Amino acid sequence: MTLLDVWLSRSLPMCLLLHSLVLMALCFPSASMCPKGCICQRDSHLHGLNVTCSHARFKEIPPGLPVDTVLLRLDHNQIGTVPDQIFHGLRYLRELNLSYNIVETLGEGAFSGIEATLQVLDLSHNRITSVHKDAFARLKARVIVDDNPWHCDCTLQQAIGGMAHNHEAAARVLCRSSEIRDQEGRPFLAVDTDLCNLAKRTTDYAMLVTMFGWFAMVISYVVYYVRQNQEDARRHLEYLKSLPSKPKKPDEADDISTVV
């Protein structure tokens, strides 16, 4: 056996081991990439990671999500907020499931950075009452918003208006409370009133009432002031009348007699 044969016999297993390690690194994400409590699996069809964090008792969205995540499941947790730009680095994300959490509101930048790629957004079974008027404006995804205690007002009307391509989602928004009393419990799309103008009219009416109140106060003060001055003048006149008349001087009486 030549020296070359000996070297090859010893190096070949090492090369095969390195080759296997490289394949494993490419096919499976490292443990450090996957958030604690989640399961990360490579999706060969979507060329990215399926990250499943369901039933993980999370109270917030875990930081450091893999940048090549294509499917992210965060359902059945206790997540209460969706911070602005929390998903900004996930430029391959296609599906986001946030159902069965306790989210109450959504800001303008809650889904910033994933508008172009996101295809499905599940927000059902949360506690969402209100969202920023532009929260869904740039999304092209199918949005699921069933079973949330929506408060139907001007802001929600603007947000729904930005979901023209999501008519199905808008049709499933039910008003738990509303600016219009008889709208409670009814579908939001059944509202045929411009709630933004309604709010403006309410504000104008409140301003008018306030101005009328101030005007009435000014008039009342003027009337009180005039009456008070009249009373003071009457008292002063009565005081003058009550004073004893000044006796006439003797020379003044003689002058009068002479004239007569």
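Parameters at a glance
Residues numbered from 1 in each chain as written. Predicted model: local features only at pLDDT ≥ 70, side-chain atom pairs only at ≥ 80, totals over all residues. Heavy atoms only, no water. UniProt positions renumbered as here; feature names shortened; annotations may be inferred. Core = buried A, V, L, I, M, F, W, Y, C linked by side-chain atoms within 4.5 Å. Buried < 20%, exposed > 50% of the residue type's maximum accessible area, 1.4 Å probe, protein only. Helix = DSSP H or I, 4+ residues; strand = E, 2+ residues; numbered from the N terminus. Contact = heavy atoms within 4.5 Å. Patch = residues over 30% accessible without salt bridge, like charges linked within 9 Å, V, L, I, M, F, W, Y side chains within 5 Å. Areas by Shrake-Rupley, 256 points an atom, 1.4 Å probe, with all protein chains shown as cover. Salt bridge = Lys/Arg side-chain N within 4 Å of Asp/Glu carboxyl O. Disulfide = S-S within 2.5 Å. Pairing = 2+ DSSP bridges.

An unreviewed UniProt entry lists the chain under the name LRRNT domain-containing protein, with Mugilogobius chulae as the source organism. Entered under Subcellular location (unreviewed entry) in the UniProt record, the comment concerning the chain runs "Membrane".

Trainee: Any chance you could explain the nonpolar core here in plain terms?
Mentor: Soluble globular proteins: nonpolar side chains tend toward being buried together. Residues L74, F87, L96, L106 and F111 are the most contacted members of the largest nonpolar core, which totals 44 residues. Looking at this core element by element, the count peaks at 3 residues for helix α2 (residues 154–161). When neighbours within four sequence positions are excluded, F87 is seen to be in contact with I61, L72, L74, V82, L96, L98, A110, F111, S112 and I114.

Trainee: How should I be thinking about a nonpolar patch on the surface in this particular structure?
Mentor: Judged by side-chain polarity, V218, Y221, V222, Y224 and V226 come together as a nonpolar surface patch covering roughly 510 Å² of accessible area. Here V222 is to be found in helix α4 (residues 195–242). V222 sits in the partly exposed class, given a relative accessible area of 42%.

Trainee: I tried to follow the state of the cysteines on my own but got confused; where do I start?
Mentor: The term disulfide refers to a covalent linkage connecting the sulfur atoms of a pair of cysteines. The final tally for this structure, using the stated rule, is 4 disulfides. A disulfide bridge connects C34 with C40, and the sulfur atoms are separated by 2.1 Å. An S-S torsion of about 90° defines the bridge between C34 and C40 as right-handed. For the pair shown, C34 and C40 are each scored as buried.

Trainee: I keep staring at the pattern of salt bridges and nothing clicks. Help me out?
Mentor: The final tally for this structure, using the stated rule, is 4 salt bridges. Among the salt bridges present, the one from D68 reaches R42, with a minimum N-O distance of 2.9 Å. Separated by 26 residues along the polypeptide, D68 in the loop between β2 (48–52) and β3 (69–73) and R42 in strand β1 (residues 39–43) bring together distant segments of the chain. D146 is the partner of R172 in a salt bridge, and the nearest nitrogen-oxygen pair spans 3.0 Å.

Trainee: Please explain the pairing of β2 as it appears in this structure.
Mentor: Along any regular strand the residues' side chains alternate between the sheet's two faces. Of all 5 residues in β2, 4 are buried, a share of seventy percent or more. Pairing geometry for β1 and β2, over 5 bridges, is antiparallel. In the strand pairing of β2, I39 is matched with T52. Hairpin geometry of β1 and β2 is characterised by an intervening segment of 4 residues between the two adjacent antiparallel strands and by a positive phi of about 60° at H47. Summarising the sheet, β2 and β3 pair through 4 bridges and their orientation is parallel. Following the sheet pairing, T52 is matched in β3 by R73.

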